[in-house]
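Examination of the molecular architecture
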Amino acid sequence: MLHMFGVNGASCPRCERKNGVDARYCAGCGVILGAPRSKPVLVENRWVPAPDELAVFFGLRELSGLFVKTLRVPATARGFILQGDKATEVPQGEYELEGFFTRLNHLLRDQHAEILVTRTTALPVPFEFDDIPTCEQLAISVRFTVSIKIENVPAFARHFMTTPGTIGTPELRELLAHPVRQLALEFIGARSIREMAAGGALREELDERLQGGLKLLLADYGLAATSVQTVELRHDKYDANRARVGSMWLAADEQHVQLAHKRHLDELYTAEEWQGIKRSEEEARLRIRRAELRQDDAIARAEMSLQGADRAHGVRARQIELYGRILEATSREQALAQGAGQVLAELQHEAAQKGAQRSDEAAQWQHLRALAGVHMRAEVASAQQEAQHARQSAQQRFSQQLLQQQIRHKIDQARLIEDATRQRDELIRLRESEAEAARRLRDIDEAEYQARYQALKLANDARLREAGRTQEWEDEQARQRIEGARRGAGKLDAEAQQDKLQRTIELEALQARSLQDVTLHADERRAGLGEAARAGERAHEIALARLAMERAAALGAMDDTAKLALADAANAVVLADYLKTRVHADMDADQLTALAGVAGAGKVELGEAARAAAQLVRDEQARREHEVDKDRRHQLDLLRLQNDVNKAALHAQAGVAGARQCVHGHALQRDDRVCAACGGAPSA
């Protein structure tokens, strides 16, 4: 159960009744003494906070003490009743005693209760800062409004409702001024004034950054930043006498106004002034770097105040922003267009010093991006450490400032105590508490300074780790290049061996094809000679058959006498008998008789005729034998020709088969067992 601490002995803020010294609650109406004197809430019983109030809270001895009058909850307010660990919202409307407890029947009318009255809408809290520097150390004036509302009632009651009172615009501005300024410094310090002038969504980005940062801080306290509205974002230029020369408004969104602002920016500063601003930015960055390097020898001599630490924080935020742009860029030209030329030049200088130049432009860009990533990780590690310390310090500062506000409220309430002795004692006690709270706040500031001091040491350690990671990355790249060269050399050797093997296989295949061609040529020659011999035999047979046919045709064309004369001996006898028979068949009886007489009379002549016929037969046989001898000689000539062709083919084949070599490639004869040139054995 939330416990409320009032001011004993004070007059009642509702009925103004005098109470005893030890009284904590009003004896008449039961309101806790020391409650805020809010006339609508306490006197008129209308739960409406003032226009500049976020919440009004007080306690009651008994919950039924609310209904000295009709309770009214308007639509513009929200009312909560806290009993124990539960918070009950009172809906809009008018309530009498019985109707109230009938509607909210879980509330106990005779028990202690705390009342919280807040707004339905968020309370706008204005902030204004005139000294927020850009990355060029140009001052920017910022004016914006943060809308705050109660999001978690139990968490709000746990931190704020330790004493009765109100939370309004002054209290919230005091509590949030430091974290809001820090968030604005982080956002603006990482950008140049030209980038902010060219950015069309500058206001939305700033609102989003502030709202996101406040969300983390206020969540633990039951508050929420519903929106952030940038009202003014302006840069003023002053001359040597601190007279304002001109102003540039960066919060305008209209396109024509943006173009006018851009022209006005070029008119506000000359080219020489822009060069001076750029030199100042570079000198500030170098000073911070030199101070950080000096810490390697003696951190105690760093000579960096809180203001210098803020500036270093802005420089680091700018470095992270530029490293991020390089990582997001796909080419060097895009990185230059996004304003990262200075950091890109530093990375190129670092790469050149370490001999990391690449002939390939794409490989060189990847190398620069890798270096930017290493540097960005180191800067982000330092920034995260600082952000963690900043959040812890902001929470401690917020709680301590809230305690101081409560003590001041108690002091104001203690002045209302009528008993002078009691009032003096209470004021002395509260003054001591206030002094103790102020001392704790100084301790928080000192702890914040020490935390930033430790953050610088951690930043140096991070840079040492960064150098180690850079060296490891470059060693890994060198190892990969060596392995790539080895793999390339091995690949070249493998390709050479493959080419050599391929050429050997091709030569062996060529030799095998040559041997095969020689063998096929010899086979073709042998086949050609055999075909020629067979063709000769067929031609001879055809010639003999043609001669026989011509002879038969010639015999067929001769008369019977010629046939008989040219016929063979055996054929001649048969032919003679055939002719005799044909002649006798054609004769009549008288002719046959006469022939018989002639045959008998000429027996002597018949013998002579027989001899003559035998002589003719011998002549015909001689002629036939002469023709047979002629045919035989022709056949013998053909056989000799065929034998010569066969001998030539066999000699060629024997020459191919006999082409032997020794193990060293020298030619051997068919019967050689050792090489005559080198004495080597014949190859297998």
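**As for the pattern of salt bridges**
- Tallied over the entire structure, the rule returns 16 salt bridges.
- One salt bridge connects R181 with D131, and the closest N-O pair in it is separated by 3.3 Å. Here D131 lies in strand β7 (residues 123–133) and R181 lies in helix α4 (residues 169–189), a separation of 50 residues in the sequence.
- Exposure remark for R181: the relative accessible area of 25% places this residue in the partly exposed category.

**Concerning the sheet that holds strand β6 (residues 113–119)**
- Spatially, five strands are ordered β4-β3-β6-β1-β9 in an open sheet, and the strand pairing comes out antiparallel. Since the sheet does not close on itself, it has two edges, and those belong to β4 (86–90) and β9 (165–168), each with one partner. Shown here is a sheet whose adjacent strand axes are inclined to one another by a mean of 20°, direction ignored.
- As defined by bridge partners, strand β1 (residues 53–60) adjoins β9 across four bridges and the pair is classed as antiparallel. Among the inter-strand pairings, F57 is bridged to a residue of β9, identified as G165.

**What to know about the environment of A317**
- Within the fold, A317 resides in helix α9 (residues 306–328).
- Spatially, the C-alpha atoms of A317 and C135 are 9.0 Å apart, while their sequence positions differ by 182 residues.
- Not counting residues up to four positions away in its chain, the partners in contact with A317 are E186 and A190.

**Quick notes on the side chain of T88**
- Among the secondary structure elements, T88 is positioned in strand β4.
- Exposure remark for T88: the relative accessible area of 11% places this residue in the buried category.
- For T88, the side chain forms a polar contact with the side chain of H106, separated by 3.0 Å.
- For T88, the contacting residues outside a window of four places in its chain are G79, F80, I81, L104, H106 and L107.

**Describing the sheet that holds strand β10 (residues 223–238)**
- The strand order across the open sheet formed by four strands is β7-β8-β10-β11, and the pairing between neighbours is antiparallel. Each of the sheet's edge strands pairs with one partner strand only, and the pair in question is β7 and β11 (244–249). Strand-to-strand twist in this sheet, taken as the mean axis angle between neighbours without regard to direction, amounts to 25°.
- Set on the sheet, helix α6 (residues 202–218) makes contact with β8 (139–150) and β10; between it and β10 the angle comes to about 135°.

**As for the packing of α4 against α6**
- Following both chains from N to C, one finds α4 and α6 inclined at 135°, their axes separated by 10 Å at the closest point. Our classification of the angle between α4 and α6 gives oblique. The chirality of how α4 crosses α6 is right-handed. In contact with L176, P179, V180, L183, A184, E186 and F187 of α4, α6 contributes L202, E205, L206, R209, L210, G213, L214, L217 and L218.
- Considered class by class, the residues forming the contact of α4 with α6 number twelve nonpolar, one polar and three charged.

**Let's talk about the pairing of β11**
- Across five bridges, the pairing between β10 and β11 is antiparallel. Across the sheet, the residue bridging to Y238 is R244, located in β11.
- Counting the residues between successive antiparallel strands, the hairpin from β10 to β11 contains five residues, one of them, R242, with a positive phi of roughly 60°.

**A word on the pairing of β10**
- When β8 meets β10, the two strands line up antiparallel, connected through ten bridges. Within β10, the residue paired with S141 across the bridge is R234.

**A closer look at unusual backbone geometry**
- Positive phi values are uncommon outside glycine, yet N45 reaches one of about 60°.
- Relative to the elements of secondary structure, N45 occurs in the loop between α1 (39–43) and β1.
- At Q137, a residue that is not glycine, the phi angle is positive and equals roughly 65°.
- Of note, Q137 is situated in the loop between β7 and β8.

**A word on the environment of H540**
- By secondary structure assignment, the location of H540 is in helix α13 (residues 420–557).
- Counting along the chain gives 91 residues from H540 to D631, while the straight-line C-alpha distance between them is 9.1 Å.
- What H540 contacts, discounting residues up to four positions off in sequence, is D631, H634, Q635 and L638.

**Concerning the packing of aromatic side chains**
- Counted by the stated rule, this structure contains eight aromatic pairs.
- A centroid spacing of 5.2 Å and a plane angle of 90° characterise the contact between F100 and F101, whose relative ring orientation is edge-to-face.
- Residue class for F101 comes out buried when judged on its relative accessible area of 7%.
- On the basis of an interplanar angle of 15° and a centroid distance of 4.6 Å, the ring pair of F156 and F160 is categorised as stacked. A residue pair is termed a helical-turn pair when its members lie 3 or 4 positions apart in one helix, as F156 and F160 do in helix α3 (residues 153–160) at four residues.
- Given a relative accessible area of 0%, F156 falls into the buried group.
- Under the relative-accessibility criterion, F160 is labelled buried at 1%.
- These aromatic residues form a ring-pair network of at least three members: F67, Y95, F100 and F101.

Quick notes on the rules
Residues numbered from 1 in each chain as written. Predicted model: local features only at pLDDT ≥ 70, side-chain atom pairs only at ≥ 80, totals over all residues. Heavy atoms only, no water. Salt bridge = Lys/Arg side-chain N within 4 Å of Asp/Glu carboxyl O. Helix = DSSP H or I, 4+ residues; strand = E, 2+ residues; numbered from the N terminus. Buried < 20%, exposed > 50% of the residue type's maximum accessible area, 1.4 Å probe, protein only. Pairing = 2+ DSSP bridges. Axes fitted to C-alpha atoms, helices over the stretch in contact; angles between N-to-C directions. Contact = heavy atoms within 4.5 Å. Polar contact = N/O pair within 3.5 Å; in protein donor to acceptor, adjacent residues only side chain to side chain. Parallel < 35°, antiparallel > 145°, perpendicular 65-115°, else oblique. Left-handed = near helix turned anticlockwise from the far one by under 90°. Nonpolar A, V, L, I, M, F, W, Y, C, P; charged D, E, K, R; others polar. Phe/Tyr/Trp six-rings, centres within 6.5 Å; stacked < 30°, edge-to-face > 60°.

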